[in-house]
Structure formats: structure tokens, C-alpha cells
Amino acid sequence: MTKIVGLTGGIGSGKTTVAEMFKSFGVPVYNADEEAKILMQNSETIKHELIDLLGESCYTDGQLNRSYIASQVFADQRLLERINAIVHPKVAAHFEEWYSNQNAPYVIKEVAILFETKSQHLFDFIITVTAPIETRIQRVMDRDQKTKKEVMSVINNQLPDLEKINQSNFVIISNKLAEMKVNSLAIHNEIINKLKNY
Ligand code: ATP
């Protein structure tokens, strides 16, 4: 049976970059964070529940108003848990459907808040991507035109890297891309070997 490998790491750590490397080795990748965004845009059930929670401003002309939602969460961090409670079960169901159509030795599920949602038990192996906080802040500021304060508020809602690393089977340090690719390939080969003995 196809195994599930969790790929996690804090904001800006380089998860998606690593996921692309695994894709290039032929591993099917499901990006839970990306699918959550798509479902928030397209699922009528989620749409209604978010409007009940946060008001009509969640959507502008039918488009998810991410900056409004971010500003609400910025003002009241408890809202994040309630938004997650609406969105996560739908993403989990969507993943199950996708997974049931896979037949590779293993798939990668990329999830930013894997440990934060205590989802470790759902995975056969877990890979954590890590980078220094200053690097992550700069990357996200460059990528998303966010302020340092905004990035820090997300980081403060996530577990420290060390706690993630301590609970992971593999760690990828996000430094030079070429080195990351070599390390990713070594981990891929190790997983394939481990699965032979399963
Ligand atoms: P998020 O959780 O915010 O989605 P992420 O962990 O998936 O982030 P990426 O999107 O892979 O991280 O990387 C964040 C940014 O940093 C991207 O713009 C990416 O191109 C860049 N980046 C990632 N890894 C490296 C690297 N090793 N060297 C230089 N830039 C990198």
C-alpha cells in the first residue's frame, strides 16, 4: 500500500521548493496548503461557514479576500483555530480521494502545520525543512511583499523548528539549492529502501 510521507516546516522554510525536488524524482505530491486555498475559493460549504464566522467581507465579488481574513486573524489569533476547523476536514477528505488514486511506493503530503495540528500519526515518515528565522523572514518578505511584523506573527503561531526536528525522521536544511537536491535525493532513496523492508 502506498505510504504517506509528511513534508513540513515553518513559513518560508522551503517546503514547496523541496516538494518540487521530490516531484522531479517521480514522487506524487499533494500540497495541503495550496489545496486549502483552492477549496476556500471554490467550496460552497466552506464559503458559507467562513461568511458565518467572519462576515460577508471574506469574499469580494466572489473572490476570497485573503488580506481581509489575514487582518482578522492578525487582530484575533483564536480565529485561526476556528478557520482551520472549517477548512481542514474538507482538505482531509479531498486528500483521501486524491490518495485513493495513487499507486506509487509513497506520496508526499506537504503540510505547514503538521505538528501544530498533532497530525503525526497520519504519516509513515516525516521530513522537516528548516532554515534560520532571519532567512525565512527575508524570503517571505521578498515573495509576498509582507512586513517583518506580519511574517513574525505567523512564525509565532508555529512550533519552533527544534521541536519539529526532534519529532521527524528526516531533516533538510534549506541552504544552497544544489545541496538541498542532493540531500532530498538521498532521503528519497532511503525511503524507497526502507519501504522494501516493510
Ligand atoms: P510557505 O510555508 O510560506 O508556503 P515554503 O516553506 O513552502 O513557504 P518556499 O515557498 O519553498 O517555502 O520558499 C520560500 C521562498 O524562498 C520562495 O520564494 C523560494 O523560491 C525561496 N527559496 C526557497 N528555498 C530557497 C533556497 N534554498 N535558496 C534561495 N531561495 C529559496
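Above this note sits the structure.
Residues numbered from 1 in each chain as written. Predicted model: local features only at pLDDT ≥ 70, side-chain atom pairs only at ≥ 80, totals over all residues. Heavy atoms only, no water.

Caption draft 1: A look at the sheet that holds strand β1 (residues 3–8). Strand order in the open sheet formed by five strands is β2-β5-β1-β6-β7, with parallel pairing between adjacent strands. What marks the edges here is a single partner per strand, and that holds for β2 (29–31) and β7 (170–173). The average undirected angle you get between the axes of adjacent strands in this sheet is 20°. Along the sheet, helix α1 (residues 15–24) contacts β1, β2, β5 (106–110), β6 (125–130) and β7; its crossing angle with β5, the most-contacted strand, is approximately 165°. On the sheet, helix α2 (residues 32–42) packs against β2 and β5 and is oriented at approximately 50° with respect to β2. (Pairing = 2+ DSSP bridges. Helix = DSSP H or I, 4+ residues; strand = E, 2+ residues; numbered from the N terminus. Axes fitted to C-alpha atoms, helices over the stretch in contact; angles between N-to-C directions. Contact = heavy atoms within 4.5 Å.)

Caption draft 2: Just the pattern of salt bridges, in detail. On inspection of all chains with the given rule, the structure shows eight salt bridges. With its nearest N and O atoms 3.1 Å apart, the salt bridge here joins R78 to D76. Between E134 and K148 there is a salt bridge; the shortest N-O distance is 4.0 Å. Separated by 14 residues along the polypeptide, E134 in helix α6 (residues 133–144) and K148 in helix α7 (residues 148–155) bring together distant segments of the chain. (Salt bridge = Lys/Arg side-chain N within 4 Å of Asp/Glu carboxyl O.)

Caption draft 3: Spotlight on the packing of aromatic side chains. Evaluation of the coordinates by the stated rule reveals six aromatic pairs. Residues Y30 and W98 carry aromatic rings whose centres are separated by 5.3 Å and whose planes lie at 50° to one another, so their mutual orientation is tilted. Of this pair, Y30 sits in strand β2 while W98 sits in helix α5 (residues 78–99), and the two are 68 residues apart along the sequence. According to the relative accessible area criterion, W98 is partly exposed, its value standing at 21%. (Phe/Tyr/Trp six-rings, centres within 6.5 Å; stacked < 30°, edge-to-face > 60°. Buried < 20%, exposed > 50% of the residue type's maximum accessible area, 1.4 Å probe, protein only.)

Caption draft 4: Broad picture of the nonpolar core. Counting residues in hydrophobic clusters, the biggest one holds 28 residues, and the most contacted among them are M40, I46, L50, I69, I83, V87 and V91. Put simply, the parts of the chain that give this core at least two residues each are α2, α3 (44–54), α4 (66–75) and α5. The element that contributes the greatest number of residues to this core is α5, accounting for seven residues. Grouped together as the second largest cluster of nonpolar side chains are 20 residues, F25, I108, I172 and I191 included. (Core = buried A, V, L, I, M, F, W, Y, C linked by side-chain atoms within 4.5 Å.)

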